[in-house]
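# An overview of the molecular structure
Listed here are the chains, written in short residue letters.
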Amino acid sequence: MRHLLSIEDLDADQMLSILDLARNFATVQQRDVPKVPALRSKTVVLAFFEDSTRTRSSFDLAARRLSADVVNFSASASSLSKGESLRDTIETISAMGVDAIVIRHRSSGTPQQVTRWTDAAVINAGDGWHQHPTQALLDSFTIRERLGTLEGKHIALCGDIAHSRVARSNAQAFSALGARVTLVAPRTLLPASLEGWPVDVAASLDEVVGDLDVAYMLRIQNERINDALFPSVREYRTLYGLTVDRAARLRSDALVMHPGPMNRGVEIDPEVADDPRSVVLDQVSAGIPVRMAVLFSALGPGQFEGELS
Amino acid sequence: MTTTVIKGGRILDQTGERPGDLVVDDATGLIIEVGPDLNADESRDDRTIDATGCLITPGFVDLHVHMREPGNEAAETIETASRAAAKGGFTAVVAMPNTDPCMDDPAVINQVIELGRTALCTVKPSAAISMGRAGEQLAPMGELAALGVRMFTDDGTGVQDDMFMRRALEYAGSLSTDDGVPIVLSQHCEVTALSAGGVMHEGEWSSRLGLGGQPSEAEELMVMRDIALARLTNVRVHFQHLSTAGSVAMVRAAKAGGLPVTAEATPHHFTLTDACCADYNANFKVHPPLRTQADVDAIKAGLRDGTIDAIATDHAPHTPDSKDRPFDEAPPGMLGLETAMAVAMAELDMELADILPMLSWQPAVIGGLSKTHGLPIEAGNAANLAVIDPAHRWTVSGTDMASKANNTPFEGRELVGRVRHTIHHGDVVVENGEATR
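Nothing here was measured: the structure is a model prediction, and the numbers come from that model. Each chain carries its own residue numbering, running from 1 in the written order of its sequence. All chains are assigned letters beginning at A, and all ligands numbers beginning at 1, according to the order in which they are written. Owing to the predicted nature of the model, reporting of local features is limited to residues with pLDDT of at least 70; listing and counting of side-chain atom pairs is limited to 80 or more, with chain, interface and lining totals taken over all residues.

With that settled, consider the overall build of chain B. The helix and strand inventory of chain B stands at 13 helices and 21 strands. Only C-alpha atoms enter the radius of gyration; for comparison, a globular chain is expected to reach 2.2 Å times N to the power 0.38, where N is the number of residues. The C-alpha radius of gyration of chain B comes to 21 Å, within 12% of the 22 Å expected for a compact globule of 437 residues. By its C-alpha atoms, chain B is 70 × 50 × 40 Å across when sized along the principal axes. For chain B, the proportion of its 437 residues judged to be buried stands at 59%. Contact between residues is assigned whenever the C-beta positions, reconstructed from backbone atoms, fall within 7 Å. Long-range contacts, defined here as pairs at least 24 residues apart, represent 75% of the contacts in chain B between residues at least 6 apart. Each helix is a run of DSSP H or I of at least 4 residues and each strand a run of E of at least 2, with the numbering of both proceeding from the N terminus. To sort residues by exposure, count the other C-beta atoms lying within 10 Å of each residue's C-beta; 20 or more gives buried, 12 or fewer gives exposed, and values between give partly exposed, all with C-beta atoms placed from the backbone.

Time to look at the interface of chain A and chain B. Contacts between chain A and chain B engage 21 residues on the former and 19 residues on the latter. Elements that contribute at least two residues to the side of chain A that touches chain B include exactly α3 (86–95), α4 (110–115) and α6 (165–176) of chain A. Broken down by element, the residue count for the side of chain A that touches chain B peaks at three residues, all from α4 of chain A.

Next up on the list: the domain arrangement of chain A. Residues and elements named next belong to chain A. We note that the domain assignment places domain 1 (7–132 + 286–299) and domain 2 (133–283) within chain A. All domain edges in this entry derive from an automatic or database-based domain assignment. Centre-to-centre, using C-alpha coordinates, domain 1 lies 25 Å away from domain 2. Each partner contributes to the interface: domain 1 provides 22 residues, whereas domain 2 provides 23 residues. For the side of domain 1 that touches domain 2, the secondary-structure elements that each account for two or more residues are α1 (12–28), β4 (121–127) and α11 (280–299). Gly counts as polar in this scheme, as do all residues outside two lists: the nonpolar Ala, Val, Leu, Ile, Met, Phe, Trp, Tyr, Cys and Pro, and the charged Asp, Glu, Lys and Arg. Along the lines of polarity and charge, the residues of the side of domain 1 that touches domain 2 split into eleven nonpolar, seven polar and four charged.

All names here are of chain B. Two strands are said to pair when DSSP picks up at least two bridges between them. Reading across from one edge, β11-β12-β15-β16-β17 is the order of the five strands in this open sheet, with parallel pairing throughout. Here the strands that pair on one side only, and so sit at the sheet edges, are β11 (151–152) and β17 (310–311). As defined by bridge partners, β11 adjoins strand β12 (residues 184–187) across two bridges and the pair is classed as parallel. Across the sheet, residue Met151 finds its bridge partner in β12, namely Val184.

Residue and element names in this part refer to chain B. Partitioning chain B into domains gives domain 1 (3–56 + 379–435) and domain 2 (60–366). Computed over C-alpha atoms only, the centres of domain 1 and domain 2 are separated by 27 Å. Counting residues at the interface gives 29 residues for domain 1 and 40 residues for domain 2. For the side of domain 1 that touches domain 2, the secondary structure elements donating two or more residues are β18 (385–395), β19 (414–424) and β20 (427–431). Looking at side-chain class alone, the side of domain 1 that touches domain 2 contains 17 nonpolar, nine polar and three charged residues.

This brings us to the pairing of strand β1 (residues 43–48) of chain A. Residues and elements named next belong to chain A. Judged by how many residues are buried, β1 sits mostly within the fold: five of six residues are covered. As paired strands, β1 and strand β2 (residues 69–74) are joined by six bridges and run parallel to one another. Across the sheet, residue Val44 finds its bridge partner in β2, namely Val70. Handedness of the β-α-β unit built from β1, helix α2 (residues 54–65) and β2 comes out right-handed. Pairing between β1 and strand β3 (residues 100–105): five bridges, direction parallel. Handedness of a crossover: with both strands directed away from the viewer, a clockwise path from the first strand across the helix to the second marks it as right-handed.

It is worth spelling out the packing of α2 of chain A against α11 of chain A at this point. All names here are of chain A. Fitted lines through C-alpha atoms give the axes, limited to the stretch in contact for helices. The angle between two N-to-C directions lies from 0 to 180 degrees. Look at α2 against α11: their axes get within 8 Å of each other, and the N-to-C directions meet at 55°. Considering their axes alone, α2 and α11 lie oblique with respect to each other. Remark: the crossing between α2 and α11 carries right-handed chirality. Contact residues: Arg54, Ser58, Phe59, Leu61, Ala62, Ala63 and Arg65 in α2; Val284, Gly287, Ile288, Arg291, Met292 and Leu295 in α11. Across the contact of α2 with α11, the residue classes tally to eight nonpolar, two polar and three charged. An angle below 35 degrees is read as roughly parallel, one above 145 as roughly antiparallel, one from 65 to 115 as roughly perpendicular, and any other as oblique. Note on convention: the crossing is left-handed when the near helix lies turned anticlockwise from the far helix by less than a right angle, right-handed when the turn is clockwise.

This next bit is on unusual backbone geometry. Glycine aside, residues mostly have negative phi, and peptide bonds are mostly found in the trans state. In the segment running from Gly260 of chain A into Pro261 of chain A, the intervening peptide bond is cis, with an omega of -10°. Looking at the secondary structure, you find Pro261 of chain A in the loop between β9 (255–257) and α10 (270–273). Glu69 of chain B connects to Pro70 of chain B through a cis peptide bond whose omega is 5°. With respect to the helices and strands, the residue Pro70 of chain B is situated in the loop between β8 (60–65) and α1 (78–87). With a phi close to 25°, His241 of chain B is a non-glycine residue in the positive phi region. Here His241 of chain B shows up in the loop between β15 (237–239) and α8 (245–256). One non-glycine residue, Asp349 of chain B, lies in the positive phi region at around 50°.

Have a look at this one:
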């Protein structure tokens, strides 16, 4: 794997081998010294042009636990605020001799553009509404650890699909790994076209909730009300929220997931967020070994042999 | 008196195709003789231009060129755009008014006219319909018409307000001009409330790429409205850069109904689709956006059946820096002048004889340039000519272009057919494919 720009860069076998590798790395985290020398002497730049706490911290820890050198670069502290172009910024970072650039940017497509300006491996940490491939992998990891497989599972992605990079990458990953994916959203929050998307669509959560193996809730943004995408938070919760009542119809062995940060009381009731079926914190934990596996796959010496110290 | 003799070619114009040599008077820039076996007078300093194997045609007229001066001289100047035009066979271009400052004022129009005097082609300024193209106050159309402006447009955006557009049409339609050439309002059709946030065509590709989309209907609603306003006011509307099948169908129906409408289409809209945006290369970002294959096919059909009157390039230079930005932040627009003819020859499944009207005399009439451009090749007419080598094979390279910018969407593409010479008012501005100044 040269770059990870989109989850579509990986086929099912490649995804599964990353998930297997992540399972190995997960055991590293249980140790007193949760660190392996796999990427010693490699330099990873975290180029976050958009605010992010959890993804950045997760990549940061992942790289450090592989013994890579990590450079944090944030837009506000950088020359971007002095008017430097993205291209100049990337070329400057590259000239320092880095091995990987992990990029988060508000504009769709920037990771792909960046590959034209650098020799480093480029890892997409979220671009606009487009893709968030490591989120898709860590969510797949979480489901796989809990349910054993994604094969044949019914997963609903519920909420603002149109403006969600998580929805795009997760729909593709879950489907590639054999799950049946249903999008649940009003038409205003769906992409204009679902041509080529491996999904079904349901107009309400009630239609599918009893059949689900995973209810994956997406964050809804209040400002979408101003664009007439939905009338009010109250109505959104009533029709599309994972309320206590709806959660009662969810199977006892089903999972509740959310990429965070959650709006408790909007897309997910607080009680449901804290329900035993909720694996929201597992998702966060999974981020580190999964990102270790991704970084290792991009930068490592080849097959990871399982020698963990 | 010295002359230039164009020798060995075949003439192709609205009267047909025939062998013929031309003698052009250098001083007046007029064609003084057309006929077989004409030769330079060796007693004088006459020159001979070789047109062997070439077609000699009326020079092309582009109704839609962003020359970027004044305001964005880093991307293009009137001089460099005119050089690109000449290399593409264009002897006249209409300069779009979305400059900085905007071409809504006599002083700016005069500046463009002045800069155009030394250009390699005729530079006909258009002017904004509304002050600052803001859609709130009419530009001084009468004053600007007196300076020679015949086309008004808020291009870059459309006139959003229905009543404002009605009044603009009525006012423009009532103005008289000293040469009797009517004023035309030229519309960039886009209802911005519906296209808001869109950086490419709305559809399968925008949905996959996570980019905001502009639905076809954002264009079509304004085409529909302006057809209604042409009916209401009986004033001519010219539709810029039609990009959707629905727009073509509406213009076809309006023409069938006898309404005073004309239309143009760009080479990129009859060639490229939204799938070109898949790699987030902002050289494919343009407004209106590249659309679907069905739209491309409809535009070709519109060009073939006369619904669309003119091929216009919407030549829109941008610096490499600005196009290297993220796709949603990069400015829209692509180069067109140097590739238009060859792309049309490659893509339209039409004979050059049937393409020429749309490149030359039809736009000349719409743009108020038909007294000197797009005329039959006859003694007494201005020598605004393109000499085309229809067999010349070449590869498009942005950095090789005469334009200051290099944002061509046809980079690397092999094309057949190139302009060998261009003569502007008797002045040989392109000779053997190279600009002479």
